[in-house]
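Topology and contacts: notes
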Amino acid sequence: MAQGIVRRNSRPRLMVAAALGLILTACATQEGYRQQAALHLGQSADMLIVERGSPVARDYLSDGSEVWTYFVAEQRHDPGGYSTIPRERRIVWTDRAGRQHVRIEQYEETVYTPPRSWMVECETRFVVASDGIVRDFRFAGDACRAPEIY
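Starting afresh in each chain, residues are numbered from 1 along the sequence in its written order. Local features are withheld for residues below a pLDDT of 70 in this predicted model, meaning they are given only at 70 or higher, and side-chain atom pairs are given and counted only at 80 or more; totals for whole chains, interfaces and linings count all residues. Hydrogens are left out, water is left out, and the side-chain values use all remaining heavy atoms of the structure.

1. Description of the nonpolar core
For clarity, the threshold we go by: Think of a nonpolar core as a cluster: buried Ala, Val, Leu, Ile, Met, Phe, Trp, Tyr and Cys residues, connected wherever their side-chain atoms sit within 4.5 Å. Exposed residues in this analysis have more than 50% of their type's maximum accessible area, buried residues have under 20%, and partly exposed residues fall in between, with area computed by a 1.4 Å probe over protein chains only. A run of DSSP states H or I qualifies as a helix once it reaches four residues; a run of E qualifies as a strand once it reaches two. Both are numbered from the N-terminal end. Working rule for contacts: check all heavy atoms of both residues, and any pair within 4.5 Å makes them a contact.
By size, the foremost hydrophobic cluster in this structure holds nine residues: Ala37, Ala45, Leu48, Trp68, Tyr70, Phe126, Val128, Val134 and Phe137. When contributions to this core are tallied by element, the ones reaching two or more residues are α3 (45-52), β3 (66-78), β6 (116-128) and β7 (134-140). With sequence-adjacent residues up to four places away left out, Ala45 is seen in contact with Trp68, Val128, Gly132 and Val134.

2. Regarding the pairing of strand β4 (residues 81-94)
Stated precisely, the cut-off is as follows: For two strands to count as paired, DSSP must find a minimum of two bridges between them.
Inspection of the sheet shows β4 paired to strand β5 (residues 100-113) by 14 bridges, in the antiparallel sense. Considered in β5, the bridge of Thr94 is made with Gln100. Turn length for the β4-β5 hairpin, with the two strands adjacent in sequence and antiparallel, is five residues, and the turn residue Gly98 shows positive phi of about 90°.

3. A short note on the confidence of the model for the chain
Stated precisely, the cut-off is as follows: Values of pLDDT, which run from 0 to 100, indicate the predictor's confidence residue by residue.
In this model, the chain carries an average pLDDT of 87, and 83% of its residues clear a pLDDT of 70 or more. Per-element confidence in the chain ranges from a low mean pLDDT of 48 for helix α1 (residues 2-26) to a high of 98 for β7. Ignoring residues within four places in sequence, the model shows residues 1-11, a span with pLDDT below 50, making zero contacts including any to other chains.

4. Brief notes about the packing of aromatic side chains
How two aromatic rings sit relative to each other is given by the distance of their centres and the angle of their planes. Using the following cut-off: Stacked, edge-to-face and tilted labels apply to pairs of Phe, Tyr and Trp rings (six-membered ring for Trp) whose centres lie within 6.5 Å, assigned for plane angles under 30 degrees, over 60, and everything in between, in that order. A ring has a charge above it when a Lys NZ or an Arg CZ is no more than 6 Å from the ring centre and no more than 35 degrees off the ring normal.
As enumerated under the stated definition, the model contains five aromatic pairs in all. Ring centres 5.0 Å apart and planes at 65° place the aromatic pair Tyr33 and Phe139 in the edge-to-face group. Of the two residues, Tyr33 is situated in helix α2 (residues 30-38) and Phe139 in strand β7; the sequence distance between them amounts to 106 residues. The class for Tyr33 is buried, based on a relative accessible area of 10%. Phe139 gets classed as partly exposed once you look at its relative accessible area, which sits at 25%. On the basis of an interplanar angle of 40° and a centroid distance of 6.2 Å, the ring pair of Phe126 and Phe137 is categorised as tilted. A residue pair is termed long-range when its members are at least 10 positions apart, and Phe126 in strand β6 and Phe137 in strand β7 qualify at eleven residues. Three or more aromatic residues joined by ring pairs form one cluster here, namely Tyr33, Tyr70, Phe126, Phe137 and Phe139. The ring of Trp68 carries Arg58 above its face, with NZ or CZ at 4.1 Å from the centroid. One Lys or Arg, Arg116, reaches over the ring of Trp118 and ends 4.0 Å from the middle of that ring.

Below, the structure written as structure tokens:
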């Protein structure tokens, strides 16, 4: 009997957690990506490997630091379809007395957008000091998006 109560109480929590996950995913920004990448600053390179995996490249700097490069490519898809766009047109005419009149008509236009697919990329570089601590990072690309932390 106690198990039934736990299940009923956990279902709303699960629904709230799922809704929160959808909201956070929808709010992915480059600022959120910067915030999440900044969490690695001051951590050991081991934690970087645990959380992000092996880098695709390692380059060496003259001071003994290394630059670890991570690369992600994602395919995005827009299904296309029909949409309605509000439009406005101005009709100007002159009456018999020579006065000019303007009438504004509002209407809707249906527009078709074809489906399309495209690739987005994100390249992130972490500077790992000779003592094994992450000291800096840089990133570039349209796929560099994550939910904001704060």
